[in-house]
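Here is what each chain is made of, one letter per residue.
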Amino acid sequence: MNDGALFGPKPVFDRWVAAQLALLLVMTGALLAGAGWHGGFRGAQALSGQLPPLLWECLTTLGDERVLLALMLPFTLRHPRVFWSVVLAALLTALIARGFKWGLPMPRPAAVLPPDQITVIGWRLKGLSFPSGHTGSAFAYATVWFACLGWRRGWPLIAVAAIAGFSRIAVGAHWPIDVLGGAVFGTCGAWLGLRLAARWRWGLRPGPHWGLAVVAAIAVATLPFDGQGYPGSLPWRIAVALWGLGGFAAAYLVPLLRGGWKAAGAPLAGVADTKA
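So, a few notes on the structure that sits alongside this text. (Residues numbered from 1 in each chain as written. Predicted model: local features only at pLDDT ≥ 70, side-chain atom pairs only at ≥ 80, totals over all residues. Heavy atoms only, no water.)

Helix and strand content of the protein: eleven helices and zero strands. The N-to-C order of helical and strand elements in the protein reads α-α-α-α-α-α-α-α-α-α-α. The C-alpha atoms of the protein give 19 Å as radius of gyration, which agrees with the globular expectation for 276 residues (19 Å, within 12%). A principal-axis box enclosing the C-alpha atoms of the protein has dimensions of 60 × 40 × 35 Å. Counting only residues that meet the buried cut, the protein has 49% of its 276 residues in that class. Restricting to contacts in the protein with at least 6 residues of sequence separation, those with at least 24 account for 82%. Counting every atom, the protein has about 12,700 Å² of accessible surface; 71% of that belongs to carbon and sulfur. (Helix = DSSP H or I, 4+ residues; strand = E, 2+ residues; numbered from the N terminus. Rg over C-alpha atoms; globule rule 2.2 N^0.38 Å. Buried < 20%, exposed > 50% of the residue type's maximum accessible area, 1.4 Å probe, protein only. Contact = heavy atoms within 4.5 Å. Areas by Shrake-Rupley, 256 points an atom, 1.4 Å probe, with all protein chains shown as cover.)

Here it is as structure tokens:
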């Protein structure tokens, strides 16, 4: 698979994004009209209770940017356009989400519901509920890869992003409306990130690309030491960190040690200047 066509016209992808946003907005409107801002939470928690809490602890880390970077690190040098697009998509999604969190500070479930009416797994978070940042990150990552992989190979990633979003309800951190909002913003962030990456190629140059990859590797290295309130996910976080750091070493450090900077930067030669 080559990501060389990622920045070219993608009418099928654009239609998919439009359909995905339309579905999410319809679901949001139906939820608000039928059950209100807090609607659907208890039913979703009851459904999630059929599976063990440890599973939800691990699944919810799929919205942690460090986990997403770890899963991607072995492929960043092979698919630099995807990596650069993911970086921009994640930044744009985070900016949008943070803007809403601070501009519309809504209470989380644990701040509204009595303890006997909610299952909380991990930290008992109470503020800055809308939207779900974890869900936004997961959808931004999955949507960029969807643009590269196409429908047949990309739809499972969208499904995993949806599961990661549902896990935020399962652990008691967010209302369903927060998750839907995160999915909308993550999808929009990915769409905007792809277009910005196609016009601003700075992150495709060897120096900036290496800098971003090193920063990603450092962030991934913190995973075993910071579970963000989910200690049961430690074995999973260690495995993901080893995957990411092993991929970084194989793709970046081994060529650097064997052939110097010229060999290490060879896969990126001319990428930033190649037109889609």
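We now examine the environment of Ala266. Looking at the secondary structure, you find Ala266 in the segment after α11 (234-265). Each C-alpha atom, one on Ala266 and one on Val86, is 22 Å from the other, the two residues being 180 residues apart in sequence.

Turning to the packing of helix α1 (residues 11-35) against helix α7 (residues 133-149), a few remarks are in order. Contact geometry of α1 with α7 gives a least axis separation of 10 Å together with a crossing angle of 150 degrees. Classed by the angle they form, the pair α1 and α7 counts as roughly antiparallel. In terms of crossing hand, the pair formed by α1 and α7 is right-handed. Contacts between α1 and α7 pair Phe13, Trp16, Val17 and Gln20 from the former with Phe139, Thr143, Phe146 and Ala147 from the latter. Residues of the contact of α1 with α7, tallied by class, amount to six nonpolar, two polar and no charged. (Axes fitted to C-alpha atoms, helices over the stretch in contact; angles between N-to-C directions. Parallel < 35°, antiparallel > 145°, perpendicular 65-115°, else oblique. Left-handed = near helix turned anticlockwise from the far one by under 90°. Nonpolar A, V, L, I, M, F, W, Y, C, P; charged D, E, K, R; others polar.)

Time to look at the pattern of salt bridges. One pass over the structure, following the stated rule, counts four salt bridges. A salt bridge links Asp3 to Arg81; its shortest N-O distance comes to 2.8 Å. Of this pair, Asp3 sits in the segment before α1 while Arg81 sits in helix α5 (residues 80-103), and the two are 78 residues apart along the sequence. The class of Asp3 is buried, set by a relative accessible area of 2%. (Salt bridge = Lys/Arg side-chain N within 4 Å of Asp/Glu carboxyl O.)

Residues Leu196, Trp200 and Trp202 make up a contiguous nonpolar surface patch of roughly 300 Å² in combined accessible area. Tracing the backbone shows Trp202 in the loop between α9 (176-199) and α10 (206-221). (Patch = residues over 30% accessible without salt bridge, like charges linked within 9 Å, V, L, I, M, F, W, Y side chains within 5 Å.)

Attention now moves to the packing of aromatic side chains. Each aromatic ring pair is characterised by the separation of its centres together with the angle its planes make. If you walk through the whole model with that rule in mind, you get 18 aromatic pairs. Seen from their ring centres, Phe130 and Phe185 are 6.1 Å apart, and the 75 degrees between their planes marks the pair as edge-to-face. Taken together, the residues span a long stretch of sequence, with Phe130 in the loop between α6 (109-112) and α7 and Phe185 in helix α9 at a distance of 55 residues. Here Phe130 and Phe185 have matching classes, each one buried. (Phe/Tyr/Trp six-rings, centres within 6.5 Å; stacked < 30°, edge-to-face > 60°.)

Glancing now at unusual backbone geometry. Residue Pro131 is reached from Phe130 by a cis peptide bond, and omega for that bond is -5 degrees. The residue Leu128 is not glycine, and still its phi comes out positive at about 55 degrees. Position of Leu128 among the secondary structure elements: in the loop between α6 and α7. The class for Leu128 is partly exposed, based on a relative accessible area of 22%. Positioned with a positive phi, Gln228 is a non-glycine residue whose angle comes to about 50 degrees. Its location among the elements puts Gln228 in the loop between α10 and α11.

Mapped onto the elements of the fold, Thr135 is located in helix α7. Looking at Thr135, its side chain comes within polar contact range of the side chain of Ser132, at 2.8 Å. Beyond its immediate stretch of four places on either side in the chain, Thr135 contacts Gly165, Arg168, Val179, Gly182 and Ala183. (Polar contact = N/O pair within 3.5 Å; in protein donor to acceptor, adjacent residues only side chain to side chain.)

Moving on to the packing of α5 against α10. One way to put it is that α5 packs onto α10 with a least axis distance of 11 Å and a crossing angle of 65 degrees. The crossing of α5 and α10 is left-handed. Across the interface between the two elements, Pro80, Phe83, Trp84 and Val87 from α5 touch His209, Leu212 and Ala213 from α10. Taken together, the residues of the contact of α5 with α10 break down into six nonpolar, one polar and no charged.

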